[in-house]
Amino acid sequence: MASALSTDSAALDSCADCSWNPEGASFPEQFAWGAATAAYQVEGSWDADGKGPSVWDTFTHQGGDRVFKNQTGDVACGSYTLWEEDLKCIKQLGLTHYRFSLSWSRLLPDGTAGFINQKGNCSFKIESCAALIQGVDYYNKVIDSLLANDVTPMVTLYHFDLPQHLEDQGGWRSDATVKAFDTYAQFCFRIFGDRVKLWITINEPYIIATLGYEKGILAPGIAEPGTGAYQAAHNMIKAHAAAWHSYDRLFRKQQGGLVSIALISGWAEPFNPNSLADQEAAKWHMAFCLDWFATPIFLDGDYPAIMKSKISSTCKRQGSPLSRLPEFTEEEKVMIKGTADFFSLNYYTTRKVKYQVNTHSQISIFADKEAEEVTDPSWPVATGSSWLAVVPWGLRRLLKYIKDTYNHPIIYITENGFSQSDPAALDDTQRWEYFRLTLLEILKAIYIDGVQLKGYFVWSLLDNFEWTCGYSSRFGLFHVDFENSALPRVPYKSAIEYANVITNNGLIKSHE
Ligand code: BGC
């Protein structure tokens, strides 16, 4: 399987690459070696110490087989009480960076600053309450112990777990959530920003919009095809920009940190490279995924032109003079443009893309796009995720695309990983081969393509609650035994290999 991957990649490389073998190369000095987690997926303690419910608490508690075996994140990896165990894993790997997310409703139970999660009857301002806030205490402990061990925290403010109270007011379909997010972000910058210097506002707005508000297969489970995703994305882009400006205006000078938004994207390769229609469709696929968010934030404050024209012409043909894609005002465009201090990319997979004619009978973002995604049957698929075709060379192409399209930004790969199905073997040799091939492509991106890549974060530190797959899909560098109430963490072989890479700041030459 590994050789099939290598051959595919080699065939796609240009001749200039052939003379250079990345295997012995070192990564740049100060390269950030990380792993990532997210609050709902690892913390558990879903209602401890006054934490409010998030949309994921509601979604999983409603049952209905939307999640594998109706599993929940109520306990997950128990990281809220077992943080020291996670820290041991981080130290064992020798990570330089650790990315985790804050649970918004652990800090602000109803999502607003009107109620601070506090022990006792405290009604002071945020500053005077800080010592009493359980959530703040927990995250302070995490941040302080990371720093004490020379591990740099990268903190995501919001990773899929919107406070339920805000969802009840319309969630991301409501403009009010923009303000609530900005207030929450300011709260976090104020409390943690003296020590946290790398911030991610929102994790993967594309996934939240398309799967949470268009298809309804992730929380909050809203199925509003053709409108829900566009509205949700619109407000998330504004919320991100508002938070970035708050940081810039109120905290940057004193705290000196960087703020970005984590964008997920696969790479889109034309199904038939000789077909003009498929070439266009591959571009449309990128426009409706990565560029949907990256164009406004990194380039000009507005959606990609092709996205706007495709949606509005489809709407006209469907008899509506108004586009389903909301418009930014001129003032908003100015506000959104340039609101990221680095490019945060989550990469998992690649697709071949075919032109798919829109008959206009169907109203959905996917019909608007007119591009069908196909997986090449020769690509291996991660055993724990049917969607995760393993295509390391796709990452290199995507990095080059980002460099060329978004003005050569500093990039961090803030998530990349491969799942195993449960039960998962501790000797995950094949999975490590995927990591190894991916790291080789990254080296080529850095040294041949000149991409400014500053770091790489494995998803995930631990096996955890993998959304609709529950605990059946294992992405961890450490195995977690969810049947054992002590939730022991044991390294997979990939963890040991990754630790070697970190120690050497490079891959050790294989002697096969
Ligand atoms: C998400 C993670 C998720 C991973 C694997 C990413 O899109 O940020 O929360 O577990 O993919 O599915």
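Residues numbered from 1 in each chain as written. Predicted model: local features only at pLDDT ≥ 70, side-chain atom pairs only at ≥ 80, totals over all residues. Heavy atoms only, no water.

Visitor: Any chance you could break down the overall build of the protein for me, citing the residues and the numbers?
Guide: Within the protein, the secondary structure is distributed over 20 helices and 15 strands. Relative to a compact globule of 512 residues, whose C-alpha radius of gyration would be 24 Å, the protein shows 22 Å and is just as compact. Principal-axis analysis of the C-alpha atoms gives the protein an extent of 70 × 60 × 50 Å. Within the structure as shown, the protein displays about 19300 Å² of accessible surface, and the carbon and sulfur contribution to it stands at 53%. Both charge centroids of the protein, one from 44 positive and one from 59 negative side chains, sit 3 Å from each other. (Helix = DSSP H or I, 4+ residues; strand = E, 2+ residues; numbered from the N terminus. Rg over C-alpha atoms; globule rule 2.2 N^0.38 Å. Areas by Shrake-Rupley, 256 points an atom, 1.4 Å probe, with all protein chains shown as cover. Lys, Arg positive; Asp, Glu negative; His and termini not counted. Charge placed at Lys NZ, Arg CZ, Asp CG, Glu CD.)

Visitor: So, the site of the ligand: which residues are in play, and what are the values?
Guide: In the vicinity of the ligand, the contacting residues are Gln41, His159, Asn203, Glu204, Ile264, Tyr348, Trp387, Glu415, Trp459, Glu466, Trp467 and Phe475. Asn203 is positioned with one of its side-chain polar atoms (N or O) 2.9 Å from an oxygen atom of the ligand. Within the complex, 95% of the 310 Å² of free accessible area of the ligand lies under protein. Residue composition of the shell around the ligand, grouped by class: six nonpolar, three polar and three charged. (Near = heavy atom within 4 Å. Polar contact = N/O pair within 3.5 Å; in protein donor to acceptor, adjacent residues only side chain to side chain. Nonpolar A, V, L, I, M, F, W, Y, C, P; charged D, E, K, R; others polar.)

Visitor: Could you give an account of the sheet that holds strand β9 (residues 371-374), with specific residues and numbers?
Guide: As a general point, the strands of a sheet are linked pairwise by backbone hydrogen bonds and lie either parallel or antiparallel. Spatially, the three strands line up as an open sheet ordered β6-β8-β9, and their pairing is mixed. In the strand order of this sheet, the two ends are held by β6 (267-270) and β9, each with one partner. Taken pair by pair, the neighbouring strands of this sheet meet at an average axis angle of 40°, ignoring direction. Of the strand pairs in this sheet, strand β8 (residues 350-355) and β9 are connected by four bridges, and their pairing is antiparallel. In the sheet register, Lys352 faces β9, and the bridge partner there is Val374. Helix α13 (residues 276-287) contacts β6, β8 and β9 of the sheet and is inclined by roughly 125° relative to β8. In the packing of helix α18 (residues 392-405) onto the sheet, contacts are made with β6 and β8, and the angle to β6 comes to roughly 100°. (Pairing = 2+ DSSP bridges. Axes fitted to C-alpha atoms, helices over the stretch in contact; angles between N-to-C directions. Contact = heavy atoms within 4.5 Å.)

Visitor: An account of helix α20 (residues 493-504) is needed here, citing residue identities and associated values.
Guide: Here α20 spans 17 Å end to end across twelve residues, near enough to the 16 Å set by a 1.5 Å rise per residue. All of the buried residues along α20 are Ser494, Ala495, Tyr498, Ala499, Val501 and Ile502. Along α20, the residues classed as buried sweep out an arc of 160° about the axis, all on the same side. Among the structural elements, β1 (32-36), α5 (83-93), α19 (429-447), β12 (453-459), β14 (478-480) and β15 (489-491) are those in contact with the buried residues of α20. Two residues or fewer past α20, Asn505 is found with a positive phi of approximately 50°. (Expected span 1.5 Å × (residues − 1). Buried < 20%, exposed > 50% of the residue type's maximum accessible area, 1.4 Å probe, protein only. Arc of directions from axis to C-beta.)

Visitor: Tell me about unusual backbone geometry, and please be specific about residues and values.
Guide: Leave glycine aside and you will find that most residues have negative phi; peptide bonds, for their part, are mostly trans. Here Ala219 and Pro220 are connected by a cis peptide whose omega angle stands at 10°. For Pro220, the position within the fold is in the loop between α11 (205-214) and α12 (228-255). Cis geometry is found at the peptide bond from Trp459 to Ser460, where omega equals 15°. Tracing the backbone shows Ser460 in the loop between β12 and β13 (473-474). Positive phi, close to 60°, is recorded for Asp65, a residue that is not glycine. Inspection of the secondary structure assignment puts Asp65 in the loop between α4 (55-61) and α5. In this structure, Glu204 is a non-glycine residue whose phi angle is positive, near 50°. As for its placement among the helices and strands, Glu204 is situated in the loop between β4 (198-203) and α11.

Visitor: Tell me about α5, and please be specific about residues and values.
Guide: Inspection of α5 places Trp83, Asp86, Leu87, Cys89, Ile90 and Leu93 among the buried residues, and these make up the whole buried set. Angularly, the buried residues of α5 cover 155° about the axis, an arc narrow enough to put them on a single face. On its buried side, α5 packs onto β2 (97-101), α8 (134-148), β14, β15 and α20.

Visitor: Go over the nonpolar core, please, and point to the residues and values.
Guide: The biggest cluster of nonpolar side chains holds 158 residues, and the ones touching the most others in it are Trp56, Leu102, Trp172, Phe192, Trp199 and Trp292. Examining the composition of this core, we find that twelve residues originate from one element, α12, more than from any other. Counting residues in each nonpolar core, the second largest holds eight residues, with Ile200, Ala262, Tyr412 and Phe457 among its members. (Core = buried A, V, L, I, M, F, W, Y, C linked by side-chain atoms within 4.5 Å.)

Visitor: Give me the lowdown on the pattern of salt bridges, citing residues and values where you can.
Guide: The final tally for this structure, using the stated rule, is 32 salt bridges. As a salt-bridge pair, Lys333 and Asp302 come within 3.5 Å of each other at their nearest N and O atoms. Taken together, the positions of Lys333 in helix α16 (residues 330-336) and Asp302 in the loop between α14 (290-300) and α15 (305-317) put the pair 31 residues apart, joining distant regions of the chain. Each member of the pair Lys333 and Asp302 is classed as buried. (Salt bridge = Lys/Arg side-chain N within 4 Å of Asp/Glu carboxyl O.)

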